Amino acid sequence: MISRRTFNKAVGLGSGAAAVSLTALQGIPSASAAPRHTPAPTVPEVTPGTHTSFARLRQVRAGVLNVGYAEAGPAHGPVVICLHGWPYDIHSFADVAPLLAAQGYRVIVPYLRGHGTTTFLSSRTFRNAQQSAVALDVIALMDALKIEQALLAGFDWGSRTADIIAALWPERVKGLVSVSGYLVTNVEAQKKPLPPAAEHTWWYQYYFSTERGRLAMEDKQNRHDLCRFVWQTVSPTWQFDDATFERTATAFENPDYPAIVIHNYRWRLGLADGERRYDRYERLLATRPVIAVPTITLDAERDPFTPPGNGASYRDRFTAAYEHRTLDGIGHNLPQEAPSAFAQAVVDVDHF
């Protein structure tokens, strides 16, 4: 294994970078695929929207960022890191965090780069949103907070980020909850057209590939309205109110938000370059490495991005203890729409 000090010096990623584990490089499963349960406590049902804020909001320098994050629960409890997607923010976990805190977990909910109070330390840093850069942000955050290992739980961009960390740095992950399963991006594979209905669902990805889409994201009103429209279309059963959306929409006012969002979607389609220092990770991720940590995958039945087959399309990517669950009547923002079910999955995977 490459030493962390030598590796950081070689690629200049700062204190948050770590060497890729030998398990990830070799794709060797570290555990049986059969779940081995110990009894898990039952998370109480809570009405979505019961909690609208976080008691503790903090900042920490980590890697190339000053990361803003919410924290809940006992300081020395087992750590859960909850990772949001786009166009969302930490409020997707406003109900999840207190549920987990009540079970004794220390819950960390960071704003991803370009969102909310997470800012770049240098104006000269390229506003890069390729998948491995975002994953390394979380490794850097764990290092800054002296967290050796955590349960990772996320959706959308957050699922992808958690999947990557579990695949490349499994020693840092005690267990994984991943909405929509295996979301690691293969840029070459992305060049192959999808069925028309699926392409239609991804309309904003193509919109962001145009100058018109970039200008829309840079305009405050257009950005606000576009993000709300996405909420409505990908969560068709979620009856959120104006206040719920506006609490999250403040995270879109980060000055780097347009650049990060545009780069993320253009990079996925091979229309924007990443950075050479992340090439080694992207080459490994292009091989679709297995995830060899205990995992529960969640599918939202009303999410237009949920693939058919009840998780069958990605089942072979998870080689440790594993369960799949589908939540009927729930849309894309699963943690905010079904917080008790999401929190229960976290508690359950911790007891595999």
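Residues numbered from 1 in each chain as written. Predicted model: local features only at pLDDT ≥ 70, side-chain atom pairs only at ≥ 80, totals over all residues. Heavy atoms only, no water.

Q: Any chance you could explain the overall build of the protein chain here in plain terms?
A: When its secondary structure is counted, the protein chain shows 14 helices and 9 strands. Within the protein chain, buried positions represent 58% of all 352 residues. Relative to all contacts within the protein chain whose residues are 6 or more apart in sequence, the contacts with residues 24 or more apart total 79%. Of the roughly 14,400 Å² of accessible surface on the protein chain, 54% is carried by carbon and sulfur atoms. (Helix = DSSP H or I, 4+ residues; strand = E, 2+ residues; numbered from the N terminus. Buried < 20%, exposed > 50% of the residue type's maximum accessible area, 1.4 Å probe, protein only. Contact = heavy atoms within 4.5 Å. Areas by Shrake-Rupley, 256 points an atom, 1.4 Å probe, with all protein chains shown as cover.)

Q: Where do I start with helix 9 (residues 220-234) in this structure?
A: Each α-helix winds once per 3.6 residues, and so residues spaced three or four apart point in a common direction. End to end, helix 9 covers 21 Å across 15 residues, agreeing with the expected 21 Å (1.5 Å per residue, within 8%). Buried within helix 9 we find Arg223, His224, Leu226, Cys227, Arg228, Val230, Trp231 and Val234. Close packing links the buried residues of helix 9 with helix 7 (203-207), helix 8 (211-218), helix 10 (242-249) and helix 11 (257-268). (Expected span 1.5 Å × (residues − 1).)

Q: I tried to follow the nonpolar core on my own but got confused; where do I start?
A: Taken as a class, soluble globular proteins show a tendency for nonpolar side chains to be buried jointly. Core analysis: the biggest nonpolar cluster contains 108 residues, and Ile81, Trp86, Leu100, Phe208, Leu298 and Phe342 have the highest contact counts within it. Ranked by residue count, the leading element in this core is helix 4 (residues 131-144), at 9 residues. Setting aside its immediate chain neighbours within four residues, Leu298 contacts Val177, Ser178, Val179, Ser180, Gly181, Arg325, Leu327, Leu334, Phe342 and Ala345. (Core = buried A, V, L, I, M, F, W, Y, C linked by side-chain atoms within 4.5 Å.)

Q: Which parts of the structure should I look at to understand the packing of aromatic side chains?
A: Two aromatic rings, taken as a pair, are described by how far apart their centres are and by the angle between their planes. Counting across every chain of the model gives 27 aromatic pairs. Taking the centre distance of 5.5 Å and the plane angle of 45 degrees together, the rings of Trp169 and Tyr281 count as tilted. With Trp169 in the loop between helix 5 (157-168) and strand 7 (173-179) and Tyr281 in helix 12 (residues 279-285), the pair connects residues that are 112 residues apart, well separated along the chain. Like Tyr281, Trp169 is buried. Ring geometry for Trp202 versus Phe305: centroids 4.7 Å apart, planes at 50 degrees, classification tilted. With a gap of 103 residues between them, Trp202 in the loop between helix 6 (196-201) and helix 7 and Phe305 in the loop between strand 8 (295-300) and strand 9 (322-327) connect regions that are remote in the sequence. Overall, the relative accessible area of 21% leaves Trp202 in the partly exposed class. Cation over ring: Arg280 sits above Tyr281, and NZ or CZ is 5.8 Å from the ring centre. (Phe/Tyr/Trp six-rings, centres within 6.5 Å; stacked < 30°, edge-to-face > 60°. Lys NZ or Arg CZ within 6 Å of the ring centre and 35° of its normal.)

Q: Looking at this structure, I do not really get helix 11. What am I missing?
A: Over its 12 residues, helix 11 runs 17 Å from end to end, which matches the ideal 16 Å to within 8%, given 1.5 Å per residue. For helix 11, the buried fraction is high: 11 of the 12 residues fall into the buried class. Within helix 11 the residues assigned to the buried category are Tyr257, Pro258, Ile260, Val261, Ile262, His263, Asn264, Tyr265, Arg266, Trp267 and Arg268. Note on helix 11: the residue one or two positions beyond its end, Gly270, has a positive phi of about 75 degrees.

Q: Even after reading the chapter, I still don't get the side chain of Gln344, so can you show me in this structure?
A: With respect to the secondary-structure elements, Gln344 resides in helix 14 (residues 339-350). Here Gln344 is in contact with Pro41, Thr42, Val43 and Arg325, once residues within four sequence places are set aside.

Q: Before we go on, may I ask you to explain the pattern of salt bridges in this structure?
A: Any two side chains of opposite charge can pair, so long as their charged atoms come close to each other. Applying the stated criterion to the full structure yields 15 salt bridges. For Glu253, the salt bridge is made with Arg223, and the minimal N-O distance between the two is 3.3 Å. Pair noted here: Glu253 is in the loop between helix 10 and helix 11 and Arg223 is in helix 9, with a separation of 30 residues, a long-range link. Under the relative-accessibility criterion, Glu253 is labelled partly exposed at 37%. One network of salt bridges, in which partners are shared, links Arg58, Glu71 and Arg106. (Salt bridge = Lys/Arg side-chain N within 4 Å of Asp/Glu carboxyl O.)

Q: Got a minute to help me understand the environment of Glu323 in this structure?
A: Secondary-structure assignment places Glu323 in strand 9. On the basis of relative accessible area, Glu323 is assigned to the partly exposed category, the value being 22%. In the structure, Glu323 is positioned 25 residues away from Asp348 in sequence and 9.8 Å away in space, judged by C-alpha atoms.

Q: Got a minute to help me understand the confidence of the model for the protein chain in this structure?
A: Interpreting fine coordinate detail is not advised for predicted regions of low pLDDT. Averaged over every residue, the pLDDT of the protein chain is 91; residues scoring 70 or more account for 89%. Predicted confidence is poor over residues 22-33, with pLDDT under 50, and the contacts of this stretch with residues over four places away or in other chains come to 25 contacts. (pLDDT = per-residue confidence, 0-100.)

Q: It is not clear to me how the side chain of Ser159 should be interpreted in this structure. Could you clarify?
A: In this fold, Ser159 is placed in helix 5. In this structure, Ser159 is in contact with Gly154, Ser178, Val179 and Leu183, ignoring residues within four places of it in sequence.

Q: Explanation requested: unusual backbone geometry in the structure shown.
A: Residue Pro87 follows Trp86 across a cis peptide bond; omega there is 0 degrees. Among the structural elements, Pro87 can be located in the loop between strand 3 (79-83) and helix 3 (96-102). For Lys146, which is not glycine, the phi dihedral falls at a positive 60 degrees. Along the chain, Lys146 falls in the loop between helix 4 and strand 6 (150-154).

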